[in-house]
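Secondary and tertiary structure notes
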Amino acid sequence: MNILRKAEFLFKITRSQGIARRYFVVNGFDGALTMLGLILGFQFSSSAPLSVTINACMGAAIALGVSGVSSAYISEVAEKRRALLQLEEAMLIDLQDSAHSEAARWVPIMIALVNGSAPLLISLVILSPMLLTQAGIAFPVSPLFLAIILALIIVFLLGVFLGRISGISWLRSGLQTLCIAITTALLIFLFTGD
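This text gives an overview of the structure that appears in the document. Everything numeric in this text was worked out from a predicted model, so none of it was measured. (Residues numbered from 1 in each chain as written. Predicted model: local features only at pLDDT ≥ 70, side-chain atom pairs only at ≥ 80, totals over all residues. Heavy atoms only, no water.)

Observations concerning the overall build of the chain
Assigned secondary structure in the chain consists of six helices and zero strands. For the chain, the succession of helices and strands along the chain, N to C, is α-α-α-α-α-α. Viewed in the frame of its principal axes, the chain has a C-alpha envelope of about 65 × 35 × 35 Å. Taken across its 194 residues, the chain has 37% of its residues classed as buried. Of the contacts formed within the chain by residues at least 6 apart in sequence, a portion of 71% connects residues at least 24 apart. Total accessible area on the chain stands at roughly 11100 Å², and carbon and sulfur atoms take up 68% of it. Within the chain, one finds 12 positive and 10 negative side-chain charges whose respective centroids are separated by 9 Å. (Helix = DSSP H or I, 4+ residues; strand = E, 2+ residues; numbered from the N terminus. Buried < 20%, exposed > 50% of the residue type's maximum accessible area, 1.4 Å probe, protein only. Contact = heavy atoms within 4.5 Å. Areas by Shrake-Rupley, 256 points an atom, 1.4 Å probe, with all protein chains shown as cover. Lys, Arg positive; Asp, Glu negative; His and termini not counted. Charge placed at Lys NZ, Arg CZ, Asp CG, Glu CD.)

Points about the packing of helix α5 (residues 143-166) against helix α6 (residues 170-192)
Contact pair α5 / α6: the axes reach a minimum separation of 7 Å and the direction vectors enclose 145°. When you trace α5 past α6, the crossing you get is right-handed. Every residue of α6 that contacts α5 at L152, V155, F156, G159, V160, L162, G163 and R164 is listed here: W170, L171, S173, G174, L175, T177, L178, A181 and I182. Looking at side-chain class alone, the contact of α5 with α6 contains eleven nonpolar, five polar and one charged residues. (Axes fitted to C-alpha atoms, helices over the stretch in contact; angles between N-to-C directions. Left-handed = near helix turned anticlockwise from the far one by under 90°. Nonpolar A, V, L, I, M, F, W, Y, C, P; charged D, E, K, R; others polar.)

A few points about the layout of surface pockets
In this model, the largest pocket occupies a volume close to 280 Å³. Taken together, 13 residues make up the lining of the largest pocket; nearest its centre are I13, T14, K80, A83 and L84. Looking at the lining of the largest pocket, the elements that each hand over two or more residues are α1 (3-14), α3 (50-91) and α4 (99-134). With seven residues, the single largest contributor to the lining of the largest pocket is α3. Considered class by class, the residues forming the lining of the largest pocket number six nonpolar, three polar and four charged. If you go around the second largest pocket, the residues you meet are I3, L4, K6, A7, E8, L10, F11, E102, W106, I109, M110 and L113. Of all elements in the fold, only α1 and α4 reach the threshold of two or more residues within the lining of the second largest pocket. Counting residues per element, the lining of the second largest pocket draws most heavily on α1, which supplies seven residues. Among the residues making up the lining of the second largest pocket, the classes are represented as nine nonpolar, no polar and three charged. (1 Å grid on protein atoms, 1.4 Å probe; cavity = no way out; pocket = protein on both sides within 12 Å on 5 of 7 lines; lining within 4 Å. Points joined across faces, edges and corners; volume = space filled by probe spheres on them.)

Shown next, in the form of structure tokens:
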């Protein structure tokens, strides 16, 4: 059984697909809004060197990633062990050599990786215009402005994804999440803008 099929099987027997999906969206949303907030903070304040902005954003992205991995792993290990114990009690047998036991070991790791990689990868995509500028690639507009636009697009796409999986209007869901990002931007401007 290849790795992807094995992961799919383990997710299926633990009914964890929805958990992984929620973690991806929630932490991806957190990553996008955090990057949006940091970039807007730098945009509205006195101009800092691009390297300072990148370092601050990278620090936050790494912290979100580590926090996502560790918090999800700790909580999911506890939940999967509890579910395994309850299943053993209900079936009156030891399941230590079963697929359920294997799932209790591996699913928390997979969920933790989803939870931690979502904000980190989304943050890196948002930071890409600044990273490319630092590498010597010139853009016709400010790399901070491009990063802000990317953050808004990603927040909208996360809303579209939520709309698609919930069966509601993808456009409405995308616009709702975009409104949250714009509200966040307005609050940042009100409290940090000159």
